[in-house]
Amino acid sequence: MLLRGLSWLVAFQLAGTALNVLFFPVIPGPILGLVLLFIYLMVRGGVNEPINEAASSLLRYLPLLLVPPAIGVMAHVADIKADFWAITGSLVISLLVSIVFIGWLMQVLIKRQARKKGGV
Amino acid sequence: MTLEWHAALDAVIHHPLFFVGLTLGVYQLAVAAYDKTRWIFLQPLLISMVALISVLLLLGIDYADYKKGTGLLSMILGPATVALAVPLYLNIRRVRQVLWPTLITLFVGGLFATVLGVALAWFFGAETMILKTIAPKSVTSPIAMLVAEEIGGAASLAAVFVMITGIIGAMFGVELLRILRITHPAAQGMALGIIAHGIGTARALQESEEAGAFAALAMSVMGVLTAVLMPLAVALIA
């Protein structure tokens, strides 16, 4: 079962790579594979067990798989030092302001939808 | 009889599986530390990074060698990224009733967060490479790293920005929203999921099941929207 699901995921990734070369050079292959799999699930109307099993097994270890590429930050110590305050300032301010804006927007939109439904 | 200690050590360090073994070991220690303490700072990815970089520096090993030695793990990253389609599909199905408020908030809010982050970094005088790396800061790490690399930033640095954003967002997000009387579970979930991705989703789940569901959805959709639209937008501007 696990093997069959993994084969599907690999097949979608390879299809994504083909699409990347053929039509969408700016969108990474794995992302196109993700979109293809999403469309497949929509058309199918559900997640079959092999894909579900393989996906949850892989996603459980996602942080581990990200460790090797993340270690590359070793090469960027100078870049971080040069822009330390710009990075810290923009990350912190933008995330705090955005959280408030998004929370407020969602709350307003949900209340409006509820009012509309109540009015009909 | 003298044992060939040096030869044995040498053979172990230069074995093709050495770096995979080292990474697996360090990662499991980091997960154990997180499980034991539940401290939000002890994100396994972040702790593994710090520990492994220290080891590599100590042993005087180049990143290029380490990267080559962990190709096995990197190879599985592609299918794992494809697998993100499954939670995306399941989450979208769960919140069909409020689909429009959700999608509008995702699009407007996601764009707002992205533009604000880049604009501030630019205003503070950061370099172009840093700007391109900050752009995908609010998305889940695998996608942020792919996107950063695609548009001319640094994948590894993107992982660090993503972690920082996630940790701070998860630490202060809910409290900040509560002070401003934004208490609807869906609103809390969306804010945490869009900004603080996986770490924020875990925090939203502590608030309520509903907040967690919205956070998971927001994180999935935000990731895919960013992955598809950001490279296109950058290609258009440049």
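What counts, and at which threshold
- Residues numbered from 1 in each chain as written.
- Chains lettered and ligands numbered in written order.
- Predicted model: local features only at pLDDT ≥ 70, side-chain atom pairs only at ≥ 80, totals over all residues.
- Heavy atoms only, no water.
- Helix = DSSP H or I, 4+ residues; strand = E, 2+ residues; numbered from the N terminus.
- Buried < 20%, exposed > 50% of the residue type's maximum accessible area, 1.4 Å probe, protein only.
- Phe/Tyr/Trp six-rings, centres within 6.5 Å; stacked < 30°, edge-to-face > 60°.
- Contact = heavy atoms within 4.5 Å.
- Axes fitted to C-alpha atoms, helices over the stretch in contact; angles between N-to-C directions.
- Parallel < 35°, antiparallel > 145°, perpendicular 65-115°, else oblique.
- Left-handed = near helix turned anticlockwise from the far one by under 90°.
- Nonpolar A, V, L, I, M, F, W, Y, C, P; charged D, E, K, R; others polar.
- Buried area = accessible area lost by both parts, 1.4 Å probe.
- Salt bridge = Lys/Arg side-chain N within 4 Å of Asp/Glu carboxyl O.
- Polar contact = N/O pair within 3.5 Å; in protein donor to acceptor, adjacent residues only side chain to side chain.
- Patch = residues over 30% accessible without salt bridge, like charges linked within 9 Å, V, L, I, M, F, W, Y side chains within 5 Å.
- Areas by Shrake-Rupley, 256 points an atom, 1.4 Å probe, with all protein chains shown as cover.

**Description of the overall build of chain A**
The helix and strand inventory of chain A stands at 6 helices and 0 strands. For chain A, the succession of helices and strands along the chain, N to C, is α-α-α-α-α-α. C-alpha extents for chain A along the principal axes are approximately 60 × 45 × 30 Å. Classification of the 120 residues of chain A by burial places 44% in the buried group.

**Thoughts on the packing of aromatic side chains**
Taken as a whole and judged by the stated rule, the model has 12 aromatic pairs over all chains. A centroid spacing of 5.1 Å and a plane angle of 85 degrees characterise the contact between F84 of chain A and W85 of chain A, whose relative ring orientation is edge-to-face. Owing to a relative accessible area of 67%, W85 of chain A belongs among the exposed residues under this scheme. Ring plane angle 35 degrees and centroid distance 6.4 Å describe the contact between Y63 of chain B and Y66 of chain B, whose orientation is recorded as tilted.

**Remarks on the environment of L32 of chain A**
Residues and elements named next belong to chain A. Inspection of the secondary structure assignment puts L32 in helix α2 (residues 29-44). With 65 residues separating them in the primary sequence, L32 and V97 have C-alpha atoms 31 Å apart. Those residues in contact with L32 that sit more than four places away from it in its chain are G16, L19, N20, F24 and I27.

**A look at the packing of helix α7 (residues 99-123) of chain B against helix α11 (residues 185-207) of chain B**
Residue and element names in this part refer to chain B. As a packed pair, α7 and α11 sit with axes 10 Å apart at the nearest point and diverge in direction by 40 degrees. Judged by the angle between their axes, α7 and α11 are oblique. As α7 runs across α11, the sense of the crossing is right-handed. For the pair formed by α7 and α11, the contact residues are T102, T105, L106, G110 and A113 on the first element and M190, I194 and I195 on the second. Counted by class, the contact of α7 with α11 contains 5 nonpolar, 3 polar and no charged residues.

**Some details on the interface of chain A and chain B**
Contact with chain A, which involves 69 residues of that partner, is made by 93 residues of chain B. Carbon and sulfur atoms make up 84% of the surface buried where chain A meets chain B, a total of about 7,100 Å² over both sides. Where chain A packs against chain B, one counts 0 salt bridges. Scanning the region where chain A abuts chain B turns up 10 residue pairs in polar contact (both at pLDDT 80 or more).

**Considering the side chain of T226 of chain B**
Here T226 of chain B is to be found in helix α12 (residues 209-237). Setting aside chain neighbours within four positions, we find T226 of chain B in contact with P136, V139, V147 and P231 of chain B.

**Let's talk about a nonpolar patch on the surface**
All names here are of chain B. Nonpolar side chains collect at one region of the surface, where W100, L103, I104, F107, V108, L111, V115, L229 and L232 lie side by side and expose about 820 Å² of accessible area between them. The greatest single-element share of the nonpolar patch, amounting to 7 residues, is contributed by α7. Tracing the chain through its elements places L111 in helix α7.

**Some points on the packing of helix α4 (residues 62-71) of chain A against helix α2 (residues 18-37) of chain B**
Two packed helices can be described by the angle between their axes and the distance between those axes. Between α4 of chain A and α2 of chain B, whose axes approach to 10 Å, the crossing angle comes to 125 degrees. When the axes of α4 of chain A and α2 of chain B are compared, the pair comes out oblique. Of the two possible hands of crossing, α4 of chain A and α2 of chain B adopt the one that is right-handed. Contacts between α4 of chain A and α2 of chain B pair P63, L64 and V67 of chain A from the former with T23, L24 and Y27 of chain B from the latter.

**Some thoughts on the pattern of salt bridges**
Residues and elements named next belong to chain B. Under the counting rule described, the total for this entry stands at 4 salt bridges over all chains. D35 serves as the salt-bridge partner of R38, at 3.3 Å between the closest nitrogen and oxygen. Of the charged contacts in the structure, one is a salt bridge between R203 and E207, with a shortest N-O distance of 3.3 Å. Taken together, the residues R203 and E207, both in helix α11 and 4 residues apart, mark about one turn of the helix. Its relative accessible area of 13% is what places R203 among the buried residues.

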